[in-house]
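# Descriptive structure summary
Residue strings, one per chain:
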Amino acid sequence: MGRVPYWNISYGIGIDLLAVPLIIIFLYGLYGHWKRIKQGKARLTFSLRNSSLKIGPVYIGALFTKGILGSRIYKKLFTGVAHGFLFWGMFLLSIGTALVFLNVLFGLPVFKGAFNRWFMSFALDAGGLAALSGTLFLLIRRLAFPPEGLVAPKARPGFVLMEVAITVIILTGFLLEALRIAHNGFDEGAFVGNWVAGLLGGGDSLSLHQIVWWGHGFVALAFIAYIPYSPLIHLVLAPINTSLAIPVPGPKMGVLDFSAFEDEEAEELPSLGVCKLTDFSRKRLLDFSSCLWCGRCHEVCPAAQTGKSLSPKGVIVTLSEYMNKDKFQDDSLLDEISANAIYSCTTCAACMEVCPVSVNQPKAIMRMRQHLLMERSEIPDIMGQAHKSLEARQHPFFGTGSGPNDWRKDMDIPSFEEGKTEYLLWIGCAITYEERTQKIARSMVNILQKAGVSFGVLEESRCTGDPAKQMGNEFLFSEIAQQNIEEFTSLGIKKIITMCPHCYNSFTRHYPPLGGLFKVVPHSVFINSLIKSGRLELRNGEQTICYHDPCYLGRRNNIFAEPRNVVASLGRLIEMPRNRENSFCCGGGGGNYWAEEEGTRINQARAKEALDTGAVKIATACPFCLLMLTDGLKKYADVEKAYDIAELVNNQLKDG
Ligand code: SF4
Ligand code: SF4
């Protein structure tokens, strides 16, 4: 006998009628989320370039790849495959259920011929089996072997209930199919139903079928209605969140719009950072609502992994709990998260790189840090001294023994001349004021001279203002940046070579909104192009070199290949276990170069990882990374092992 909808069921229409109030409950739950999210700021008033309309192929691409296909989920293979089985299995079952409704309402012939055999029977059985195995894997893992991030700092309640509900729905679905087959005979294609029917072994099962049918229908509808009130709301919010995430690597921090403070008629001034939920943008509140509490961010965070009080998951979870409790105006938020945690963030962006739903954790943390510094003048002691130095001397290296021009002592280096010089070689504060890193600039000058590049330097080295931004002082950053922009413009500077990725990041991301539009190239990229074009000739060595990716060059600006090419032309490149976009921070970002660390020192953890590769030398392309690694290595080695790639290239120049 062919399949008949509502077979053996009287008043089956009752389940359709029950669906109506339960769908209303579902929609009401969604509305509750929107009501909470819309309490955030509708426009990014903090940014000079408001871009609230997120359309275009990149966003649509993100919706499909990260949102719907969940591409980031698969970064953890087993969990990813289990999620894939569960999601796509349930997706198939939902289509099957919708087709049954269309059959009931409009007579769509879904229970006939090959379609019935291959889709309604075989594919739906396969989908059910996939969803069941995915759910059981996740449930057992959650209860018996939870990974660190899932339970630290706390586990999310509610997932177990939903996973048990899915298991019940699928098992009762298979039982229903088997009871039908046991009564009506073999169903070609329904391989699971046929097998279970065989296990049941015949007998009158009509009343059991009716009980299971109503139970299955009620649990399934209740499950759907409960989704917006459960952790499974991510099924709806995650695709939206990922498709609205700004498609550039790393967090994109806006710059302060001074004009808003000059407008005497302005009703509301931009908030200086964030101390309560309503200060966040709607996008951030969507972030907090979408968080799965999966803890992948916690597992890669250098602060969390070395015993600091910061856990990016912990921060986002606290924010989402405040939202769920409607504590939108509650400014106890920062104390609950703690200034210590907020300042421990190195802004390395490892957390957002792994987040399956594209939450921007560093941006939320930085917005709170801005409030701590600009509104409360709250900053850890050592970082505070660096900040004072920035305010007084426009560079953060307090107590330095170097003057602004010491790095070029005894060297004949041209100053930038308008109309004559092509590139400004930007030195930056980390190279100017630390003796160890001054060698990077001297090496770079030699390289550029050898290659015959037209370049010059400023009369006196300066800072981009990036450390002020990292510490949370947007005013100071804008002030320093605007002075630089004015000087560059008056000198006719159009092209800049940087040796510090923080400077590169500032020039390319934070200067343009302030009017500073320059062509900027990091020294690793520039050196690579000189080698490729034959303008630099190197002696190739046999040495093994491992390369540490600076966060602001790699993860934040997608520059992975060029520095590796340079290293590969000097010797044999060795990778650390955590490399490229999964690289581990040196610990110096976010102003934490000037920090007294709690727990294990991040630079020591990274130095150990580099040493364990057995490489003879450790290369990097950032003065802060070089300083941090050099210091971290002191715990394990007596000899100098860490170098900037400019130093390594300079040492291996032919006739150098
Ligand atoms: S940006 Fe880096 S340090 Fe900050 S929370 Fe994320 S992973 Fe941790
Ligand atoms: S922020 Fe992202 S990675 Fe972190 S717990 Fe939430 S969903 Fe997971």
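Residues numbered from 1 in each chain as written. Chains lettered and ligands numbered in written order. Predicted model: local features only at pLDDT ≥ 70, side-chain atom pairs only at ≥ 80, totals over all residues. Heavy atoms only, no water.

Here the focus is the overall build of the protein chain. From N to C terminus, the protein chain includes 28 helices and eight strands. Taken along the three principal axes of its C-alpha coordinates, the protein chain extends 100 × 65 × 45 Å. The 656 residues of the protein chain split such that 56% are buried. Long-range pairs, those at least 24 residues apart, make up 80% of the contacts in the protein chain between residues at least 6 apart in sequence. Of the accessible surface of the protein chain, which amounts to about 28100 Å², a share of 59% is contributed by carbon and sulfur atoms. (Helix = DSSP H or I, 4+ residues; strand = E, 2+ residues; numbered from the N terminus. Buried < 20%, exposed > 50% of the residue type's maximum accessible area, 1.4 Å probe, protein only. Contact = heavy atoms within 4.5 Å. Areas by Shrake-Rupley, 256 points an atom, 1.4 Å probe, with all protein chains shown as cover.)

Close to ligand 2 lie C291, L292, W293, C294, G295, C297, K313, C355, P356, V357, V359 and Q361. Of the residues assigned to the shell around ligand 2, the class counts are nine nonpolar, two polar and one charged. (Near = heavy atom within 4 Å. Nonpolar A, V, L, I, M, F, W, Y, C, P; charged D, E, K, R; others polar.)

Once that is clear, we can look at the nonpolar core. Membership of the largest hydrophobic core comes to 129 residues, with the highest contact counts inside it found for F280, L319 and L425. Apart from residues no more than four positions distant in its own chain, L425 is found in contact with M444, V445, L448, F455, G456, V457, I497 and M499. Of all hydrophobic cores here, the second largest spans 23 residues; its members include A178, A197, A220 and L232. (Core = buried A, V, L, I, M, F, W, Y, C linked by side-chain atoms within 4.5 Å.)

Summarising the element assignment, A646 is placed in helix α28 (residues 645-651). Between the C-alpha atoms of A646 and S524, which are 122 residues apart in sequence, the distance is 7.7 Å. Among residues more than four places away in sequence, those in contact with A646 are I440, S443, M444, I447, H523 and I527.

For the structure shown, the criterion picks out 27 salt bridges. In this structure, K420 engages E417 in a salt bridge whose closest nitrogen and oxygen atoms are separated by 3.5 Å. On the basis of relative accessibility, which here comes to 65%, the residue K420 falls in the exposed class. Taking the relative accessible area as the measure of exposure, E417 reaches 40% and is therefore partly exposed. Salt-bridge contacts for D549 lead to R564; the nearest nitrogen and oxygen are separated by 2.7 Å. (Salt bridge = Lys/Arg side-chain N within 4 Å of Asp/Glu carboxyl O.)

Turning our attention to the domain arrangement of the protein chain. One frequent convention defines the size of an interface as the accessible area lost when the parts assemble. As assigned here, the protein chain comprises domain 1 (13-42 + 56-242), domain 2 (271-374), domain 3 (406-527) and domain 4 (532-651). A separation of 29 Å is found between the C-alpha centroids of domain 2 and domain 4. On the domain 4 side, the residues contacting the 18 residues of domain 2 number 17 residues. Between domain 2 and domain 4 the total buried area reaches about 1400 Å² when both faces are included, carbon and sulfur atoms providing 54% of it. Three residues, T306, K308 and T346, lead the burial of domain 2 against domain 4; their summed loss comes to 34% of the area buried on that side. The interface formed by domain 2 and domain 4 contains one salt bridge. Along the contact surface separating domain 2 from domain 4 lie 13 residue pairs in polar contact (both at pLDDT 80 or more). By residue number, the principal contributor to the side of domain 2 that touches domain 4 is helix α15 (residues 339-344), which donates three residues. When its residues are assigned to classes, the side of domain 2 that touches domain 4 shows eight nonpolar, seven polar and three charged. (Domains from an automatic or database assignment. Buried area = accessible area lost by both parts, 1.4 Å probe. Polar contact = N/O pair within 3.5 Å; in protein donor to acceptor, adjacent residues only side chain to side chain.)

Between helix α4 (residues 113-144) and helix α7 (residues 191-200), whose axes approach to 7 Å, the crossing angle comes to 75 degrees. Classified by the angle their axes make, α4 and α7 are roughly perpendicular. Where α4 abuts α7, its residues F122, D125, A126 and L129 lie against F191, V192 and G193. In terms of residue class, the contact of α4 with α7 is built from five nonpolar, one polar and one charged. (Axes fitted to C-alpha atoms, helices over the stretch in contact; angles between N-to-C directions. Parallel < 35°, antiparallel > 145°, perpendicular 65-115°, else oblique.)

A few words now on the pairing of strand β4 (residues 519-522). The sheet contact formed by strand β3 (residues 495-498) and β4 spans four bridges and is parallel. By the bridge assignment, I497 is partnered in β4 with V521. (Pairing = 2+ DSSP bridges.)

Aromatic ring pairs are defined here through the distance separating the ring centres and the angle between the ring planes. Scanning the model with the defined rule gives 25 aromatic pairs in all. Look at Y423 and F526: their rings are 5.0 Å apart centre to centre, the planes differ by 75 degrees, and that puts the pair in the edge-to-face class. Here the residue Y423 occupies a position in strand β1 (residues 423-426), and F526 occupies one in helix α24 (residues 523-532), the gap between them amounting to 103 residues. On the accessibility criterion, F526 (7% relative accessible area) is buried. The interplanar angle of 80 degrees and the centroid separation of 5.1 Å between the aromatic rings of W426 and F507 together place this pair among those described as edge-to-face. Of this pair, W426 sits in strand β1 while F507 sits in helix α23 (residues 501-510), placing them 81 residues apart in sequence. (Phe/Tyr/Trp six-rings, centres within 6.5 Å; stacked < 30°, edge-to-face > 60°.)

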